[in-house]
Amino acid sequence: MGAWLLKPRMLSRNKMTFLLLCLIVSTLFYAFLNGHHIEADFVDQSPPNKPARVFNRAMQSFVTDHPELSKSGELNQNAEQSENGNENQSFNVVRTEEPNKETVSRLLHQVDQGSDDPNAVPFMLVTGERSSPCVTSHGSNVMMKTYKNKVDYCNLHGCKVWYALEIWQKGFVGTWVRYPLLLRLMKANPSVTWFMWMDSDAIFTDFNFSIPFERYNGWNKNMVVPGFWEKVYGENPDWIGLNAGVFLIRNCEWSHKFLEKWIEFGAPENIQTAKAALNTVLKSRPQEWDPDDQSVLVYLLNTNRKESEENVFLEASYSLHGYFEYIVDEFEDILVGKAKWPFVTHFCGCNFCGGKNTTDRCTKGFERAFNFADNQLLRLVGLRHSSLSSSSTLETVVG
Ligand code: MN
């Protein structure tokens, strides 16, 4: 059903010129940034409303957790089409170092003493899953690992994890459950400035990366969402022009009001009006679908552009949400500096706990990503997994 959604569109001459320019600009940025330290890892030096149009391949995840898409079983095929269609858009390789001794001792100190990084901003990482058992035992095992991964990252970076297993507002199901949960937590924790929502099917895969909150604070942004300016504010807004599975939101009045507005679209009594509203703006989305939270976000931003641009930053300079299909084969290349370190790898569409559409690609890819991330933690105690494909055996790292 969703196959046509991801089909590369016919390219006009203007678009071809634009793509060519993207390629040239990103190549120049690559040349400039390669070898720079993490501070230089932001391709985006343009005004904060418009992220640089340098496409990150893993960010081109025109896939979501939408239940209709998960049903289709066409996910991998679609992703391949999308990948092939975008081969001429280069991606930015900006960070390559494996944790060295200095990094290891800094991270170890953080585990032991808490973060002493003056730029570190304590934030709350909110995530969750259904309270009932997963459909398969493998699904439950994956959920345990994605939770462990988040705890590990937060032990290093000073965040607190809130893992919810319940529906906090009646009538809200699926991915909609996040928003009442977030709003309530934000109001209950006024001293926590930033919140991060992260799906249970997403894991941190770069433990050395700190979220640049100081940058977002400097720009007075209240929300940071992985996405592309053109696909949200351009002529044909696309419901997959951003991803709502991982985002940052500041705990302030603007955000509370925005969440309240967003939540209204998910209320069971508003389904028909919300659907009609979405259909007036998002033409590439199947018109018969019930409103999903991600489409509503695109709609809210697009239809209130001035305020949205002031408050919401669409992040495309690093993988705040990196689509797993483009990442899980690259771990060996990453370690030798041939590919970009993915901050977050998101297994959207894999539906591990629900047991639908969990392909071999999902399960093997997840194991590799989890072990790749876990190796960064184990490195702190001189160990690593003997293979990325297996969690069970460890070996000693020399040096
Ligand atoms: Mn997800």
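As the structure is a computational prediction, the values presented were derived from the model and not from experiment.

Per-residue confidence for the protein chain averages 80 on the pLDDT scale, and 69% of its residues sit at or above 70. Throughout residues 27-63 the model reports pLDDT below 50, and contacts reaching past four residues in sequence, or to other chains, amount to 82 contacts.

Across the sheet, six strands lie side by side as S2-S1-S3-S6-S5-S7; this open sheet has mixed pairing. Edge strands, defined here as strands with exactly one partner in the open sheet, are strand S2 (160-164) and strand S7 (312-315). On average, each strand axis in the sheet is tilted by 20 degrees relative to the strand beside it, whichever way the strands run. Here five bridges tie strand S1 (residues 123-128) to S2, and the two strands are oriented parallel to one another.

Further remarks concern the sheet that holds strand S4 (residues 202-204). The three strands lie next to each other as S4-S9-S8, forming an open sheet whose pairing is mixed. Each end of this open sheet is capped by a strand with a single partner; those strands are S4 and strand S8 (322-323). Examined bridge by bridge, S8 and strand S9 (residues 344-346) share two bridges and lie parallel to one another. Looking at S9, one finds that tyrosine 323 is bridged to histidine 346.

Counting 83 residues, the largest nonpolar core has Leu182, Phe195, Met196, Phe247, Leu314 and Ala369 as its most contacted members. The element that contributes the greatest number of residues to this core is helix H14 (residues 360-378), accounting for seven residues.

Before going further, it helps to spend a moment on the packing of helix H10 (residues 271-281) against helix H11 (residues 293-302). Relative to each other, H10 and H11 sit at 65 degrees, their axes nearing to 10 Å. Between H10 and H11 lies a crossing whose hand is left-handed. Within the contact between the two elements, H10 uses Ala274, Ala277, Leu278 and Val281 and H11 uses Ser295, Val296, Tyr299 and Asn302. Across the contact of H10 with H11, the residue classes tally to six nonpolar, two polar and no charged.

A few words now on the pairing of strand S10 (residues 383-387). The sheet contact formed by S10 and strand S11 (residues 390-396) spans four bridges and is antiparallel. Of the residues in S11, the one forming a bridge with serine 387 is serine 390. Hairpin connection, S10 to S11: the antiparallel pair is bridged by two residues.

Now for H11. Along H11, eight of the 10 residues are buried, which leaves the element largely enclosed by surrounding structure. Within H11 the residues assigned to the buried category are Asp293, Gln294, Ser295, Val296, Leu297, Val298, Tyr299 and Leu301.

Our next topic: the environment of leucine 377. Along the chain, leucine 377 turns up in helix H14. Under the C-beta neighbour-count criterion, leucine 377 is labelled buried, with 21 such atoms within 10 Å. For the pair leucine 377 and tyrosine 153, spaced 224 residues apart in sequence, the C-alpha to C-alpha distance is 8.7 Å. Apart from residues no more than four positions distant in its own chain, leucine 377 is found in contact with Asp152 and Phe207.

Turning to the environment of tyrosine 153, a few remarks are in order. By the secondary structure assignment, tyrosine 153 is in helix H5 (residues 137-157). Every residue in contact with tyrosine 153, bar those within four places of it in the chain, is listed here: Phe204 and Phe207.

To continue, consider unusual backbone geometry. With a phi close to 55 degrees, asparagine 220 is a non-glycine residue in the positive phi region. Position of asparagine 220 among the secondary structure elements: in the loop between helix H7 (213-218) and strand S5 (223-226). The phi angle at asparagine 357 is positive, at roughly 65 degrees, despite the residue not being glycine. When you line up the elements, asparagine 357 lands in the loop between S9 and H14.

Rules of the game
Residues numbered from 1 in each chain as written. Predicted model: local features only at pLDDT ≥ 70, side-chain atom pairs only at ≥ 80, totals over all residues. pLDDT = per-residue confidence, 0-100. Contact = placed C-beta atoms within 7 Å. Pairing = 2+ DSSP bridges. Helix = DSSP H or I, 4+ residues; strand = E, 2+ residues; numbered from the N terminus. Axes fitted to C-alpha atoms, helices over the stretch in contact; angles between N-to-C directions. Core = buried A, V, L, I, M, F, W, Y, C linked by C-beta atoms within 7 Å. Buried ≥ 20, exposed ≤ 12 C-beta atoms within 10 Å, placed from the backbone. Left-handed = near helix turned anticlockwise from the far one by under 90°. Nonpolar A, V, L, I, M, F, W, Y, C, P; charged D, E, K, R; others polar.

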